[in-house]
Amino acid sequence: MKKLLNSKWTSINKKNGWIHYQVRNVLIKKKKIELFAICDKTFSFIIDIKDIKDKSEWLPGWRDL
């Protein structure tokens, strides 16, 4: 799970107008990660680690959609 720290992700659906995110924090005990928008570092949210593995919602790396 620590390998997720600083990893980059592309959201299939825009969240607050952004699609490119990076992992800011890994909450190991809660099995959650904190993501922040690359273009607006003040926008962040926490999701379950299992949700980031859903390829219908998230793609690894920064990609053009």
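Before reading further, recall that the structure is shown in the block above.
Description of the structure in this document. Bear in mind the structure is a predicted one, so any value in this text is a computation, not a measurement.

1. A few points about the nonpolar core
Reasoning step 1: Core analysis: the biggest nonpolar cluster contains 13 residues, and Trp9, Ile33, Leu35, Ile47, Ile52 and Trp58 have the highest contact counts within it.
Reasoning step 2: Of all the elements in the fold, those that place two or more residues in this core are strand 2 (18–27), strand 3 (32–37), strand 4 (44–48) and helix 1 (49–52).
Reasoning step 3: With sequence-adjacent residues up to four places away left out, isoleucine 33 is seen in contact with Leu4, Val23, Asn25, Val26, Phe45, Ile46, Ile47, Ile49 and Ile52.

2. Some words on the packing of aromatic side chains
What characterises a pair of aromatic rings is the spacing of the ring centres plus the angle enclosed by the ring planes.
Reasoning step 1: All chains considered together, the criterion is met by five aromatic pairs.
Reasoning step 2: Among the aromatic residues, those joined into a cluster by ring pairs are Tyr21, Phe43, Phe45 and Trp58.

3. As for the pattern of salt bridges
Note on pairing: side chains with opposite charge can pair once their charged atoms come close.
Reasoning step 1: Tallied over the entire structure, the rule returns three salt bridges.
Reasoning step 2: Here glutamate 57 ties to lysine 15 by a salt bridge, and the two come within 3.7 Å at their closest N and O atoms. One end of the pair, glutamate 57, is in the loop between helix 1 and strand 5 (58–60); the other, lysine 15, is in strand 1 (residues 8–15), with 42 residues separating them in the sequence.
Reasoning step 3: One salt bridge connects glutamate 34 with arginine 24, and the closest N-O pair in it is separated by 3.5 Å. Residue glutamate 34 is found in strand 3, and its partner arginine 24 is found in strand 2; the two are separated by 10 residues along the sequence.
Reasoning step 4: For glutamate 34, a relative accessible area of 17% gives the class buried.
Reasoning step 5: Assessed through its relative accessible area of 34%, arginine 24 is described here as partly exposed.

What counts and what doesn't
Residues numbered from 1 in each chain as written. Predicted model: local features only at pLDDT ≥ 70, side-chain atom pairs only at ≥ 80, totals over all residues. Heavy atoms only, no water. Core = buried A, V, L, I, M, F, W, Y, C linked by side-chain atoms within 4.5 Å. Buried < 20%, exposed > 50% of the residue type's maximum accessible area, 1.4 Å probe, protein only. Helix = DSSP H or I, 4+ residues; strand = E, 2+ residues; numbered from the N terminus. Contact = heavy atoms within 4.5 Å. Phe/Tyr/Trp six-rings, centres within 6.5 Å; stacked < 30°, edge-to-face > 60°. Salt bridge = Lys/Arg side-chain N within 4 Å of Asp/Glu carboxyl O.

So far we have only geometry, and geometry alone does not tell us how the molecule works.
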